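The primary structure of each chain is shown beneath.
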Amino acid sequence: MRDIRNIVVLTGAGISAESGLRTFRAEDGLWEDHPVEQVATPEGFRRDPDLVQRFYDERRAGVMAAEPNAAHRALGRLDAEFSGDLLIVTQNIDDLHERGGASRVLHMHGEALSVWCTSCDARHQWHATLRDGPPCPACGEPAMRPDIVWFGEMPYRMEEIFRAISQADLFVSIGTSGAVYPAAGFVQSARDHGARALELNLEASLGSRFFHETRLGKASELVPAWVGEVLG
Ligand code: APR
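Residues numbered from 1 in each chain as written. Predicted model: local features only at pLDDT ≥ 70, side-chain atom pairs only at ≥ 80, totals over all residues. Heavy atoms only, no water.

Caption draft 1: Here's a closer look at the sheet that holds strand S6 (residues 144–148). If you trace the three strands from one edge of the open sheet to the other, you get S5-S4-S6, paired in antiparallel fashion. Two strands in the sheet have a free side with no partner beyond their single neighbour: strand S5 (123–125) and S6. Pairwise comparison of adjacent strand axes, ignoring direction, gives a mean angle of 40° for this sheet. By the bridge criterion, three bridges tie strand S4 (residues 110–117) to S5 in an arrangement that is antiparallel. Of the residues in S5, the one forming a bridge with Trp-116 is Arg-123. (Pairing = 2+ DSSP bridges. Helix = DSSP H or I, 4+ residues; strand = E, 2+ residues; numbered from the N terminus. Axes fitted to C-alpha atoms, helices over the stretch in contact; angles between N-to-C directions.)

So this is what it looks like as structure tokens:
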């Protein structure tokens, strides 16, 4: 790990599981009792905006009630102490990376604590609910939606992500099932550019075969141990 100068970390719901936030595809996963097409697509929002607003009001409240765990804090330590380049690309909509001390974080699927006005396009930090149609602070219209990338929408800042991956010499995937693209394809891009690929996950993922090394276990144990190796 000594000669690593440029790290890209991809995280998924598994890194926040031990903070009490549900993952999506486990047997008790979020998508079990909230069909994706109803709550995580633009069509679902058009069909039943109240259902979708309530779903994300619940996610937002859950995020605010959660605390970063040892894995988030270890990545915060890496961010503070690693002298090379580091980018944490997260599929998660929680702010636990930031509250765990990381600053170089990119939310490719949006953020639970951000809302987006469909009338004036403004985005706002938001810790309240949207179910009652509050007026947009910028334009006054009751037209705000969750600032979440839904299925069928383009993830955020993809060019920046692929540029970072093309320059990485280490790509680390933490707590993701490798079920959803484009994130699930990042490991192959990293390897195409000569990066080493490490996976830290509770169980083998759909992408495990693309990694040089997969370590199985809880993020709260695997991530601090790995950060300790990198910081030597
Ligand atoms: N430590 C490490 N890994 C864990 C832990 C844990 N404590 N608990 C669960 N995991 C792993 C699971 O084994 C699984 O592989 O985390 C992964 C979670 O997978 P998903 O529930 O599919 O979540 P994720 O991969 O983040 O989903 C990607 O899909 O639905 C969309 O937008 C949504 O961002 C999400 C994307």
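Caption draft 2: Main features of the site of the ligand. Taken together, 22 residues sit near the ligand, with Ala-13, Phe-24, Arg-25, Thr-176 and Ser-177 positioned nearest. Within the backbone of Gln-91, an N or O atom sits 3.2 Å from an oxygen atom of the ligand. For the ligand, an oxygen atom lies 3.0 Å from a polar atom in the side chain of Asn-201. Compared with its free state, where it exposes 730 Å², the ligand has 92% of that area covered by protein. Of the residues belonging to the shell around the ligand, the class tally is eight nonpolar, 10 polar and four charged. (Near = heavy atom within 4 Å. Polar contact = N/O pair within 3.5 Å; in protein donor to acceptor, adjacent residues only side chain to side chain. Areas by Shrake-Rupley, 256 points an atom, 1.4 Å probe, with all protein chains shown as cover. Nonpolar A, V, L, I, M, F, W, Y, C, P; charged D, E, K, R; others polar.)

Caption draft 3: Structural detail: helix H7 (residues 158–167). Among the residues making up H7, those that are buried are Met-158, Ile-161, Ala-164 and Ile-165. For H7, the angular spread of buried residues about the axis comes to 125°, placing them on one side. Considering only its buried residues, H7 is in contact with strand S1 (6–11), strand S2 (85–90), strand S3 (105–107) and helix H8 (186–192). (Buried < 20%, exposed > 50% of the residue type's maximum accessible area, 1.4 Å probe, protein only. Arc of directions from axis to C-beta. Contact = heavy atoms within 4.5 Å.)

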